[in-house]
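# Observations on the model geometry
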Amino acid sequence: MTRSNPRTFQEVTDNTSQASDDLLRTGAAAALLGHFIIGQHVARQSQIADELNQVLAQQWQWVDMRDIPRSGSAFTTAATRAVADAYEQSQVAADQFVRELRAAVHPEAEPLPALHLPSQPEVMAPVGDRFPVGGAVIRAGAPDTGRIARIMDLAGPNAALERMPAPTNVAMTDGLRSAQGVATRMALTGGRKVVLQHQYLDKTIQGWERVTEPGCCAFCAVLASRGPVFKESTFPTERLPDGSYATRSRNTGKTFTSGVNDLSESAVPAAVHNNCRCTLRPVFKNEPQSFQAENKNLKKLWSDTTKGLHGKAALNAFRRFWDSGTPPPLPEVRDPAVERRVAAEQILPMLKTGLANLLSAPEGHEGAIEYHQAQIKRLESYLVAH
Ligand SMILES: [Zn+2]
């Protein structure tokens, strides 16, 4: 276990305003850390989309409007690979995010099995001198590259061709924009499905909630304003005797036991649009009340702007307000100094107490011990770095 550096911690804890003392006393600590972790997740997913869009812009230079069949298919092949890679990055980042948020809310919970990506070999390698707990893994689904290729071709080279006889540069710009829009939507679905797969498998999670990006559209704001969606209403599910869930496809009625991975992008319950960078977060049992205050603000905004209205009329009223540029209610102010202090004074001691308890318990907690040690190490290096 890494030893903490007292001087660094002193600096960290001194760098906090008077007001934050009240926040800590009112038990908002885990909420603040959770809020921070959610914010990092949104930023990381957005970064994955940015990097993908840059790669696509480079690949797009191969497209020659005079020979779309040949040059377009070269683009589509390379772009499909890039989207699939970003999909996997989104999966890995989302998995890490769920584990971090889970550790903040339930540091005492047994660790989750490792995530297994379809691109990884099936053989389980030992970790240190032992095999992963029970040999179990959480499986992530593979990106549907056939579908990605079809959509990239339609939204990219074919969309550019359809713009003709527009000036070539206009057709090219439009084609790239549209290719980037569908690519962003498809790639970030990797992470969204991983969050849903976790909520499907993990008994500490009771549902999921949409997390909008800064500057999101009215459509996404409305969906986020609805708040948590509980496990039972996410899919037509069956509760199995062991407490886990089976999923039934709305279309075929077929029952799946591998959960969300079997669902196509269009069947994923969180509706997204092209260019959408909205993410999902798991909603835990017994999590702090003030998690995701933005969505509570959006809910209030929805009820304020749609009084006496229903259905389409309500949606239109909300959209008019949202698009009018009137600033939406401010989200809770996130103070990095408070977040650092919360990590140092609340979460870290909680993890250390948990570790001490595990170490003094009878044998059989190797996985949990390893998990606590890893979380403590991560948190300490975060505090030193920030
Ligand atoms: Zn969105």
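Residues numbered from 1 in each chain as written. Predicted model: local features only at pLDDT ≥ 70, side-chain atom pairs only at ≥ 80, totals over all residues.

Let us look at the overall build of the chain. A tally of helices and strands in the chain yields twelve helices and eight strands. If you take every contact in the chain between residues at least 6 apart in sequence, the share linking residues at least 24 apart comes to 75%. (Helix = DSSP H or I, 4+ residues; strand = E, 2+ residues; numbered from the N terminus. Contact = placed C-beta atoms within 7 Å.)

A word on the sheet that holds strand β8 (residues 279-284). Pairing in this open sheet of three strands is antiparallel, and the strands run β4-β3-β8 from one edge to the other. Two strands close off the open sheet at either side, each with one partner strand: β4 (229-230) and β8. With two bridges joining them, strand β3 (residues 205-211) and β4 adopt antiparallel strand pairing. Among the inter-strand pairings, Trp-208 is bridged to a residue of β4, identified as Val-229. (Pairing = 2+ DSSP bridges.)

This paragraph deals with the pairing of β3. The element β3 is largely enclosed, with a buried count of five among its seven residues. Relative to β8, β3 runs antiparallel, the two being bridged by six bridges. Pairing of Ile-205 across the sheet is with Phe-284, part of β8. (Buried ≥ 20, exposed ≤ 12 C-beta atoms within 10 Å, placed from the backbone.)

A few words on helix α5 (residues 145-163). Here α5 spans 26 Å end to end across 19 residues, near enough to the 27 Å set by a 1.5 Å rise per residue. Of all the bends found along α5, the most pronounced is centred on Asp-153 and spans about 30°, while Pro-157, a proline, follows it within four residues. All of the buried residues along α5 are Ile-148, Ile-151, Met-152, Ala-155, Gly-156, Pro-157 and Ala-160. Here the buried face of α5 lies against α4 (68-105) and α6 (168-201). (Expected span 1.5 Å × (residues − 1). Bend = angle between axes of the 7 residues up to and from the residue.)

We now examine the packing of α4 against α5. Taken N-terminus to C-terminus, the directions of α4 and α5 make an angle of 135°; their axes are 9 Å apart at the nearest point. Put simply, α4 runs oblique to α5. Crossing of α4 over α5 shows right-handed handedness. Contacts from Ile-68, Gly-72, Phe-75, Thr-76, Ala-79, Thr-80, Val-83 and Ala-84 of α4 reach α5 at Thr-145, Ile-148, Ala-149, Met-152, Asp-153, Gly-156, Pro-157 and Leu-161. Its residues assigned to classes, the contact of α4 with α5 comprises ten nonpolar, five polar and one charged. (Axes fitted to C-alpha atoms, helices over the stretch in contact; angles between N-to-C directions. Parallel < 35°, antiparallel > 145°, perpendicular 65-115°, else oblique. Left-handed = near helix turned anticlockwise from the far one by under 90°. Nonpolar A, V, L, I, M, F, W, Y, C, P; charged D, E, K, R; others polar.)

Now for unusual backbone geometry. The amide bond that connects Met-164 to the next residue, Pro-165, takes the cis arrangement and shows omega of 15°. On the secondary structure map, Pro-165 appears in the loop between α5 and α6. Phi angles above zero are rare outside glycine, and Asn-275 is one such case at about 70°. For Asn-275, the position within the fold is in the loop between β7 (255-256) and β8. Accessibility expressed as a C-beta count within 10 Å gives 17 for Asn-275, which makes it partly exposed.

Turning next to the nonpolar core. Counting residues in hydrophobic clusters, the biggest one holds 72 residues, and the most contacted among them are Leu-52, Val-83, Met-152, Ala-183 and Ala-187. Tallying contributions element by element places α4 first for this core, with 14 residues. Dropping the residues within four chain positions of it, Met-152 is found in contact with Thr-76, Ala-79, Thr-80, Val-83, Ala-179, Val-182 and Ala-183. (Core = buried A, V, L, I, M, F, W, Y, C linked by C-beta atoms within 7 Å.)

What follows covers the environment of Glu-294. Tracing the sequence through the fold places Glu-294 in helix α9 (residues 293-305). The class for Glu-294 is buried, based on 20 C-beta atoms found within 10 Å.

It is worth spelling out the environment of Met-172 at this point. Position of Met-172 relative to the elements: it lies in helix α6. Between the alpha carbons of Met-172 and Pro-157 there is a distance of 8.4 Å; along the sequence they are 15 residues apart.

This brings us to the confidence of the model for the chain. Counting all residues, the mean pLDDT for the chain is 79, and 76% of those residues have values of 70 or more. Across the chain, the element-wise mean pLDDT spans from 30 in helix α1 (residues 6-14) up to 95 in α5. The model gives residues 1-27 a pLDDT under 50, and that stretch makes 34 contacts with residues more than four places away or in other chains. (pLDDT = per-residue confidence, 0-100.)

Turning our attention to α9. Between the first and last C-alpha of α9 there are 18 Å, a value that for 13 residues agrees with the 18 Å anticipated at 1.5 Å per step. Those residues of α9 hidden inside the fold are in contact with β3, α7 (218-225) and α10 (311-323).

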